[in-house]
Amino acid sequence: MFKDQKIGLALGAGLARGLAHIGVLRVLQESGIKVDFISGTSMGAVIAALYACGLNLKLIERLAQRISRRTWMDITFPRMGLIAGEKLERMLHMLTGRRSFADLSLPLAVVAVDLISGERVVINEGSVSRAVRASCAIPGIFSPVEMGKKLLVDGGVLQRVPASVVREMGADLVIAVDVGVDVGDYKIDHIFDVLSRSLDIMSREINRSLSRDADLVVIPKVSDMGPFDFQCVEEAIIRGEKAAREALPLLAKLEKEGQC
């Protein structure tokens, strides 16, 4: 499929709901759809980075199932965030094999936001693990990441699903995966839920341009999952697979139109 078109895949933010991206990737892979460019925000950046580093999807799934919160959560005195993020970066450093963007065979870009300038920052050079940590720095939850003169936080503040980024990278056809289109009806139990829900509400309004940036938007039905429901790995992946399979007929139509 799509022999004459470059495919760009944009994976959106969503914490635990972002595990649905694994299911979407699995269906694309099984259908013989080759991804030529990939971008991600927050959890989407994590999955995109691991995939761009060549990790097998089964391995990514096993990692999601087995990595405990203690592996990546380092609670700190809340000067700039409740979680320092150093553990997360060390884990990402190991999983990505200490790769830089220049080492990747699949072009990758991740999105963050600079608190100083208030602008979106697309990162496509330097350390992959450092960039992904910055893209995951949810305001109030994770401490911001200093990168040069920038102070970076979660890209979802301005662009939850970075569809325009893969278009800018050279994609002819853009597939976006949005796991946060609905605010959700999960129970709000603690401060992490409060902060994440607030960001969801804000980014929902910002993200209305997504349909203009993407040729196809895949929306897994995960609104009932809480942002920190990392125990629901299998269910999130299954829902991602289901949404992707439902989108395949439209993908085939887009391919046909692109060949006309």
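Please refer to the structure higher up on the page.
Quick caveat, the model's predicted, so the values are computed rather than measured.

J.: Hey, could you run me through the pattern of salt bridges in this one?
T.: It is possible for side chains bearing opposite charge to pair when their charged atoms get close. Applying the stated rule across the entire model yields twelve salt bridges. Two residues, arginine 167 and aspartate 215, come together in a salt bridge whose shortest N-O distance is 3.0 Å. Taken as a pair, arginine 167 in helix 7 (residues 163–169) and aspartate 215 in the loop between helix 9 (210–213) and strand 10 (216–218) lie far apart in primary sequence, 48 residues in all. One continuous salt-bridge network, built from bridges that share partners, spans Arg26, Glu61 and Glu241.

J.: Hey, could you run me through the nonpolar core in this one?
T.: Side chains of a nonpolar character, in soluble globular proteins, are inclined to be buried together. If you look at the biggest cluster of nonpolar residues, it comprises 71 residues, and the most contacted ones within it are Leu9, Ile38, Leu108, Ile123, Val132 and Ile175. Of the residues forming this core, the biggest block, nine residues, is contributed by helix 2 (residues 43–52). Look past the residues within four positions of leucine 9 in its chain and what remains in contact with it is Leu25, Leu28, Val35, Phe37, Ile38, Ser39, Val166, Ile175 and Val177. Formed by nine residues, the second largest nonpolar core is a distinct cluster that contains Phe37, Val161, Ala176 and Ala214.

J.: Just checking my understanding: could you explain the environment of glutamate 89 for this structure?
T.: On the secondary structure map, glutamate 89 appears in helix 5 (residues 86–95). Glutamate 89 gets classed as buried once you look at its relative accessible area, which sits at 16%. In this structure, glutamate 89 is in contact with Ser129, Arg130 and Arg133, ignoring residues within four places of it in sequence.

J.: What's the story with unusual backbone geometry in this structure? I'm lost.
T.: Apart from glycine, the bulk of residues carry a negative phi angle, and the bulk of peptide bonds sit in the trans form. Positive phi values are uncommon outside glycine, yet serine 42 reaches one of about 55°. Locating serine 42 in the fold gives a position in the loop between strand 2 (37–41) and helix 2. Serine 42 gets classed as buried once you look at its relative accessible area, which sits at 3%. With phi around 60°, arginine 98 is a residue other than glycine that occupies positive phi space. Looking at the element boundaries, arginine 98 is found in the loop between helix 5 and strand 4 (108–114).

The rules behind these values
Just so you know, the residues in each chain are numbered from 1, in the order the chain's sequence is written. This being a predicted model, a pLDDT of at least 70 is required before a residue's local features are given, and a value of 80 or more before pairs of side-chain atoms are given or counted; all residues contribute to the totals for chains, interfaces and linings. Excluded from the side-chain calculations are hydrogens and water; all other atoms, namely the structure's heavy atoms, are used. A pair is scored as a salt bridge if a Lys or Arg side-chain nitrogen falls within 4 Å of a carboxyl oxygen belonging to Asp or Glu. For the purposes of this entry, the term helix denotes a DSSP run of H or I that reaches at least four residues, the term strand denotes a run of E that reaches at least two, and both are numbered from the N terminus. In these notes, a set of buried Ala, Val, Leu, Ile, Met, Phe, Trp, Tyr and Cys residues joined through side-chain atoms within 4.5 Å is what counts as a nonpolar core. Burial classification: accessible surface area is computed with a 1.4 Å probe over protein chains only, and a residue below 20% of its type maximum counts as buried, one above 50% as exposed, and the rest as partly exposed. Contacts were defined at the residue level, with two residues in contact if any of their heavy atoms lie within 4.5 Å.

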